Amino acid sequence: MRIITRKVSMLFAVAAALGLVSAAADARDFTIASWGGTYQEAQRNVYFTPFGETSGTAFLEDVYLGGWAQFQAMQDTGQIPWDVVQLETSELVRGCEEGVFVKLDWSRIVPTGDLLPDAVTDCGVGTIVWSVVIAYNADTIGTAPASLADFWDTKTWPGKRGMRNGPKLNLEYALMADGVAPADVYAVLNTPEGVDRAFAKLDEVKPLVQWWEAGAQAPEWLAAGDVELSVAYNGRISNAQKDGKNLQMIWDGTIYAIDSWAIVEGAPHQDAGYDFIRFATDPGRQAAFTKAYAYGPTHNDGIGMVEPERAMILPAGDNLATGLFGGSQDAIDFWVDYQEELTERWNRWVAQN
Amino acid sequence: MTAPAGSNLEVKLRRAQRRRSFTSFLLVAPLLLFILVVFAGPILSLLYFSIDDPKLAEVMPRTAKIVTAWDGAELPGEDAYAAVVEEIRTGYANRTVAAAAMRLNYEISGFRSMVMRTGRKIRRITGPPYRDALIGLDERWGDITYWRAIKASAGPYTTRYLLAAVDLERRWDGSVAKAPPERTIYVEYLQRTFWISFWVLACCILIGYPMAYLIATSGRRTSRILLALVLLPFWTSLLVRTAAWVVLLQNKGIVNDFLLLAGIVDEPLTLIFNRTGVYIAMVHILLPFLVLPLYAVMRNVPPDQLRAAASLGARPVAAFLSVYLPQTLPGLGAGCILVFILSLGFYITPALIGGASDQMLSYLIAEFATRTGNWGMASAIAILLLLSVAALYPVYRGLVRGGTGFRFG
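Residues numbered from 1 in each chain as written. Chains lettered and ligands numbered in written order. Predicted model: local features only at pLDDT ≥ 70, side-chain atom pairs only at ≥ 80, totals over all residues.

Caption draft 1: Broad picture of the overall build of chain B. When you go through chain B residue by residue, the secondary structure sums to 20 helices and two strands. For chain B, the C-alpha radius of gyration of 31 Å lies well beyond 22 Å, the compact-globule estimate for 409 residues. C-alpha extents for chain B along the principal axes are approximately 100 × 95 × 35 Å. Here chain B, with 409 residues, has 36% of them falling under the buried criterion. (Helix = DSSP H or I, 4+ residues; strand = E, 2+ residues; numbered from the N terminus. Rg over C-alpha atoms; globule rule 2.2 N^0.38 Å. Buried ≥ 20, exposed ≤ 12 C-beta atoms within 10 Å, placed from the backbone.)

Caption draft 2: Up close: the nonpolar core. Grouped together as the largest cluster of nonpolar side chains are 167 residues, with contacts concentrated most on A:Phe101, A:Ala135, B:Leu286, B:Leu290, B:Val339, B:Leu361 and B:Ile381. No other element matches helix H14 (residues 275-298) of chain B, which puts 15 residues into this core. Setting aside residues up to four positions removed in sequence, A:Phe101 forms contacts with A:Leu92, A:Gly95, A:Cys96, A:Cys123, A:Ala262, A:Ile263, A:Val264 and A:Glu265. Counting residues in hydrophobic clusters, the runner-up holds 32 residues, among them B:Ile66, B:Val84, B:Trp141 and B:Tyr146. (Core = buried A, V, L, I, M, F, W, Y, C linked by C-beta atoms within 7 Å. Contact = placed C-beta atoms within 7 Å.)

Caption draft 3: Examining the interface of chain A and chain B more closely. Taken together, the contact between chain A and chain B spans 34 residues of the former and 35 residues of the latter. For the side of chain A that touches chain B, the secondary structure elements donating two or more residues are helix H1 (2-18), helix H3 (69-77), strand E6 (209-212) and helix H14 (329-351) of chain A. At 14 residues, the largest contribution of residues to the side of chain A that touches chain B is made by H14(A). Counted by class, the side of chain A that touches chain B contains 12 nonpolar, 11 polar and 11 charged residues. (Nonpolar A, V, L, I, M, F, W, Y, C, P; charged D, E, K, R; others polar.)

Caption draft 4: Structural context of unusual backbone geometry. In the segment running from B:Pro128 into B:Pro129, the intervening peptide bond is cis, with an omega of 0 degrees. Note that B:Pro129 resides in the loop between helix H6 (111-121) and helix H7 (130-137). Here the bond from B:Gly155 into B:Pro156 is cis, since omega is 0 degrees, no more than 30 degrees from zero. As for its position among the elements, B:Pro156 is in the loop between helix H8 (144-152) and helix H9 (160-164). Of note in this structure, A:Leu169 is not a glycine but carries a positive phi near 80 degrees. Secondary-structure assignment places A:Leu169 in the loop between strand E5 (161-164) and helix H6 (170-177). On the neighbour-count criterion, A:Leu169 (16 C-beta atoms within 10 Å) is partly exposed.

Geometric descriptors of this kind do not, in isolation, establish any biological role.
See below:
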């Protein structure tokens, strides 16, 4: 009875929130969900359409909005609208633990040694390396910054700074700027003193910070002169360069992570899912994708197939030398554990002047 | 028993009445059904989600049962440890324990990874005594606060989300206390939500009342044009209007360009990513909701009454205050309530135009519902918002009745 009440009330909530989901879920075509927008358009050209043509598989696309809501709805309603989804490591690990994603049979994909070690996990096949960097507008800046520490140098760069609104990324940046080695960041953050230290370091720049909600805002603000320096996704900065904006980035202290393909547990087209992921993990296709979007390949042979001048602006190789990997088990454990508590603290901190 | 003739008629009459009320019920039935499905249903399920707490008991039923019976004063006995070992073992193998671990993490941050790490190493425990073995894996299993957290999560219902939404928490002994300062944000957000809504309403009245008066009293042509000006933005999507304000208000935006060009300011004003921008955009978006009901009422106020008041010696201000204003109060009341309630629920406009300290309660609801998937907390905050709106109902009643009272009294 309790279960029935739960189901009924869940139906109300989900129907109200998402519109009525098609009842004929198992009759749908093979469905891939990714981040939408121009990013998914590039994926369509390089991966989806060629896969559909070579394999003769009819496919549908959907957009994953990030976060946990869509997987929660799948768990609660048993409706599985996607077969394959691309997502960040924190949701991947949580979903793998909670049984939302299939534990992969890697023999059906590629030899695990062909990929970056961090791209191989129980439930996910890494497909891109993305990163956040410090960016600036080279047309208007006096002296170009060179390191993460410069972001905290308010004498040389007294202008506004753009940062993402939320504790993730910022606490890490703060500790690195405060002299913590990238390898030790999560060990320090795991102590209450470490978190206090990160907030204290952020206090130094807080009066100058304009917080962004969406990744698109950072390059817009830099181009419009709203901010002098900004934390930004490297791919967004490269796209702005393509549009003729003279935005530049520095790689010191970059935080990088991996997005992976995962197959949803209970999805009807799991074989097609494996076929698609194998198809998309080809180094040549990954290299082709880096031309459309400035994210690094995960296949070891991928970066060698990219022209050198393009490779220079990708989160790969030497660019990551002083960077922090934000997709490690330590990082994920920390953020899944402390996300809510730190977000509450963040929302309180950020509103105090 | 045979009924007398008189009451027979009565029965017939009553039957006819019943039939009539049944027909009228049928007529409103679609509406009733609609309200039940799209209004009452979601609100009830919202209430339910904010107290529902089944996760731990689903995954670890034996543990839940034992800790429910446990008084929480001292570490529980060997049977509790045995139950935890067994249920983490099976739950880890079939990937169900993570959901329970997530629930425990709401009580103590870090509990989730503690359970998952225990799961990874659980095969090392081969037999009793389980208590020593579990503490050997992670010494926090010997810390009573973690056991109290399990007790608090044992379900099937919880008050933690509702309490947290008003910055309170329940201690293990059942007493309710204030949450630690770094976690108390919800009341502040509620206050800010009301504060922003209040100022938006004040600006709307200041701009909207004269505007409605102008529309209601000017000639047909002018009033039609003015009305179109009010209605035109009304037909544009909220998101589009918000995005348009971003373009207008930014540092190198049209408003600042104009001000600089006209020499009114020397440096661009900061009109965006702060409270000013939020007020400007929200007032613009909500203004029609005040102007339209006001206009409807003002159109029906006969202009001769003001002239009559003047001829009886009232000064313009006195005539306005004692003759005109009271008659427009019902429209003003309805408009105020519309604007205020709508602005309480604003999300996208403050998110895009406001800074970090200009976000309202809906921002937190979105955060919990989409990012972390904590529907209990999202529902609890939604209820907080709902109750604050419901609290305004008597104010509305008072305003409207006050208005009609003036009109007929």
